[in-house]
Amino acid sequence: MIRRNVDCTYIIEDNGTYGLTKGQFSATADLGSVQKKGAVNTFQPIDPCGVALALGCSFVARSFSGDGKQVVPLIKAAIAHRGTAILDIISPCVTFNDHDGSTKSYSWVKDHEESIADVSFIPFFEEVHVDYEPGTVRDVQLHDGSHIVLKKLGEDHDPTDRQAAIKVIEEGRAEGHLVTGLLYVDTKMDDFATTEHIPQRPLKDLSQDELRLSRDQFSQFMSEFA
């Protein structure tokens, strides 16, 4: 998708865990992360933004789900971008509707159910919100007591400089920061539809005459194989 610069917005809900499989570490989990059961992650994380830049993606950005002032404009920019847009959103796992008084809360269900199996549950937590200035660093405590350190790109960062974007990511990784903001954008790269001369109108709406080559066009096409 990135190689062909397909006009697509790819948003990653990056929480560092595989929740559906009881909280296993995902490929983006930080080195040293600890699971609820006490297991420690011993593998280096894969940085989606770093991978996207290495593959030549034309739009690369990262944000934090609790920073609405930053994440909303980045989502809009990613959708408006003509080409592949990768947006990595750090998203702590939060479960709603598990509060007192809810008939779908864990405690209410346990008091009224006839259980045939014991299953795990995720407790209710409030959303994590942050608001900090460009160029600054913010330490954010998550629900399990762990911390992530966010660094918002400053006004001096040039998002059209691919090498600068790679440098910022590597420097952030060395300092233990998750750099957020528009890391890189290339507005001059042709997207897949332009490269392949795909018409604006859907093929199903084109008439047979529009889809078939004329005799002159067919002759010219065949002459290329002579």
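What comes next concerns the included structure. (Residues numbered from 1 in each chain as written. Predicted model: local features only at pLDDT ≥ 70, side-chain atom pairs only at ≥ 80, totals over all residues. Heavy atoms only, no water.)

Taken together, six strands build an open sheet; the order of strands is S1-S5-S4-S8-S7-S6 and the sheet is mixed. Of all strands in the sheet, those bounded by a partner on one side alone are strand S1 (8-14) and strand S6 (137-141). Direction aside, neighbouring strands of the sheet carry axes that sit 25 degrees apart on average. Sheet topology places strand S4 (residues 59-64) next to strand S5 (residues 84-90); six bridges connect them, and they run parallel. Across the sheet, phenylalanine 59 pairs through a bridge with alanine 85, a residue of S5. Along the sheet, helix H2 (residues 68-80) contacts S1, S4, S5, strand S7 (147-152) and strand S8 (178-185); its crossing angle with S4, the most-contacted strand, is approximately 155 degrees. (Pairing = 2+ DSSP bridges. Helix = DSSP H or I, 4+ residues; strand = E, 2+ residues; numbered from the N terminus. Axes fitted to C-alpha atoms, helices over the stretch in contact; angles between N-to-C directions. Contact = heavy atoms within 4.5 Å.)

Residues Ala52, Leu53, Cys57, Val60 and Leu183 are the most contacted members of the largest nonpolar core, which totals 14 residues. For this core, the secondary-structure elements that each account for two or more residues are helix H1 (48-54), helix H4 (162-175) and S8. (Core = buried A, V, L, I, M, F, W, Y, C linked by side-chain atoms within 4.5 Å. Buried < 20%, exposed > 50% of the residue type's maximum accessible area, 1.4 Å probe, protein only.)

Across its 14 residues, H4 extends 20 Å between first and last C-alpha, which sits within 8% of the 20 Å expected from 1.5 Å per residue. Residues of H4 that are buried: Ala165, Val168, Ile169 and Gly172. Taken down its axis, H4 places every buried residue within 95 degrees of arc, on the same side. Every exposed residue of H4 that faces more than 90 degrees away from the buried side is listed here: Gln163, Lys167 and Ala174. In the core, the buried residues of H4 are packed alongside H1 and S8. Looking at where H4 begins, the residue whose side-chain oxygen comes 3.1 Å from the main-chain nitrogen of glutamine 163 is aspartate 161. Of the residues flanking the end of H4, it is glycine 176, one or two places downstream, whose phi is positive at about 80 degrees. (Expected span 1.5 Å × (residues − 1). Arc of directions from axis to C-beta. Polar contact = N/O pair within 3.5 Å; in protein donor to acceptor, adjacent residues only side chain to side chain.)

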